[in-house]
Amino acid sequence: MSLQRRIFLYGALFVAFIMISAGLSFYFTISEAIEEQMGKRALNIAVTTADRPDIVQGFAVDDPHASLQPIADEVQNQTGAEYVVIGNAEGIRYTHPLEDRIGQKMVGDDNERAILKGESYISEAVGSLGPALRGKAPIVDEQNNIIGVISVGFLKTDMTSIFLQYADSIIVIVLIAIAIGGIASMILSKSIKKTLFGLEPAEIASLFIERNTLIESVREGIIMVNKSGEITMANASAYEVLSLPKEKSLIGKLIDEVLPNTLLPQVLLTGEQQFDRPMTIRGKKTIVNRIPIVIDNEIAGAVSSFRLQSDLDGLRNELTQIRQYADLLRSQTHEHHNFLYTISGLIQLNSLDEAMELIHDETKEQQSLVQLIANRLQDPLLGGIVIGLFNRARELKVKFLLDEDSYLEKLPSYLEKSLFVSILGNLVTNAFEAVEYLPEHERLVRLLFVDNGHEILIEVEDTGKGLDPSILPTLFKERISTKNGDDRGYGLVKVQENVHDLQGEITMENGDFGGALFIISIPTGGNEYD
């Protein structure tokens, strides 16, 4: 059943239940009140009639019936009572609406209190005319002797008729209230449905779960505030950037208390969107986006997303490396064109021997390199990146050695090959830059790639000046570079992340060449069972 139908049905049933309960309660309350009033009325009539002197005088005559019956009929007609019965001290009737019952004993067995004790009271009993509510009063002569009893009665059937007259009005009121409640429930259900954009509870719950999963999967920190500036949501990345434990909840706190230098309150006031704004959060440089949450043309809150500047710089550094590789390919293409132009010129000058010798030397060197790589590194992807690094080294006039002990048939399929490419590219590029300031004959970089059956070992060594031992503990955790420029120090951090993704380890020490030696160990089990 849809939400709208449920709200309408439950609302209508609730209103109907309340109104029927109220109607029944009102009916019984009125019934009890009417019954109580009728009883008091019967008692008052009985007491008043018993005090009349002509009633006492009627008992003294020879034929009490002839004297008392007119008085009883008069009282009955004036008060609207069902009957007025007068009896002597033995309960024998002197008056009765039905003449054939005169002289008979009064029915109901409820005269003792009046005849014996002289009490006036209300009694409910079954008389000769049926169930009735009766007022009883003793008749006392001038010497205070009880000489008889008077009974004034109202039949239950007559009171039921009065009750039903009220019941008709109550039923009409209840039905009108139920109809109004049903209409109100319908309007309410449509309003709620519109407020919820026509979504059902299951769809809302699904969207809520998807929204939380999506927000938590985002690498950027996200904080949401309401129009009062109170934090209503913060994802795990936000806690990480703010250097706060996840156990310390930010929900309900004012954004100014958490981030004193935030501009979110300004966004709440102006509704202005802010993109790519620099901000320092707890000593960390970040790039922040802020946008208002607008509902029905009113600002209901704001959302701020932020990411560390270092993450963006790292991506930019990787893009720079890709551009460098592209420049290298263009350089090689240009060099190859020059080589072809040289051969073409030698042929046009009829220097065929020199052209053949140049072609032979170039082909021999290239074939020797390709054959070496193919024999040592049989994985095509790794072989391709190593050949590219050899070409780069030749352009930079760096001697690039593939260690004679290197051997790898093929990377296991469950190991991400792109991570190996990133590791090799960053380490070897760093090694090239470490030796570029040296004389040409001292520029040397060594690469070792070995699979011993249990793990893959990678070594990258150069003849540079190495790294300061004091920075070794934080070498792979912070941006550290021995080269000039602000856009530096991301390569080793990225290498550490890639090695960690491969479940490997990386260490750094001084090599035999006097420079830095990086050693990487990747278990061949890797991510096989992840």
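Enquirer: Quick one: what's the story with empty space enclosed by the protein, residue by residue and with numbers?
Expert: A complete count under the given rule lists 2 cavities of 30 Å³ or more for this structure. A volume near 40 Å³ is recorded for the second largest cavity. Looking at the second largest cavity, the residues that line it are Ile-223, Ile-255, Leu-259, Thr-262, Leu-264, Met-279, Val-288, Arg-290, Ser-304 and Phe-306. Of all the secondary-structure elements, those providing two or more residues to the lining of the second largest cavity are strand 8 (284–295) and strand 9 (298–308).

Enquirer: Tell me what's going on with the confidence of the model for the chain, and back it up with residues and numbers.
Expert: In this model, the chain carries a mean pLDDT of 80, and residues with pLDDT of at least 70 account for 85%. This stretch, residues 484–490, has a pLDDT under 50; its non-local contacts, to residues over four places away or in other chains, come to 18 contacts. Confidence over residues 526–530 falls short of pLDDT 50; this stretch has 10 contacts with residues more than four positions distant or in other chains.

Enquirer: Describe unusual backbone geometry, and please don't skip the residues or the numbers.
Expert: For Ser-243, which is not glycine, the phi dihedral falls at a positive 55°. For Ser-243, the location among the structural elements is in the loop between helix 7 (236–241) and helix 8 (255–258). Phi at Asp-296 is positive, roughly 55°, even though this residue is not glycine. Its place among the elements puts Asp-296 in the loop between strand 8 and strand 9.

Enquirer: An account of the environment of Thr-49 is needed here, citing residue identities and associated values.
Expert: Residue placement: Thr-49 occurs in helix 1 (residues 3–50). For Thr-49, a relative accessible area of 5% translates into the label buried. Residues Thr-49 and Ser-151 lie 102 residues apart in sequence; the distance between their C-alpha atoms is 9.7 Å. Once residues within four sequence positions are removed from consideration, Thr-49 is found in contact with Ile-55, Val-75 and Ile-150.

Thresholds, definitions, all that
- Residues numbered from 1 in each chain as written.
- Predicted model: local features only at pLDDT ≥ 70, side-chain atom pairs only at ≥ 80, totals over all residues.
- Heavy atoms only, no water.
- 1 Å grid on protein atoms, 1.4 Å probe; cavity = no way out; pocket = protein on both sides within 12 Å on 5 of 7 lines; lining within 4 Å.
- Points joined across faces, edges and corners; volume = space filled by probe spheres on them.
- Helix = DSSP H or I, 4+ residues; strand = E, 2+ residues; numbered from the N terminus.
- pLDDT = per-residue confidence, 0-100.
- Contact = heavy atoms within 4.5 Å.
- Buried < 20%, exposed > 50% of the residue type's maximum accessible area, 1.4 Å probe, protein only.

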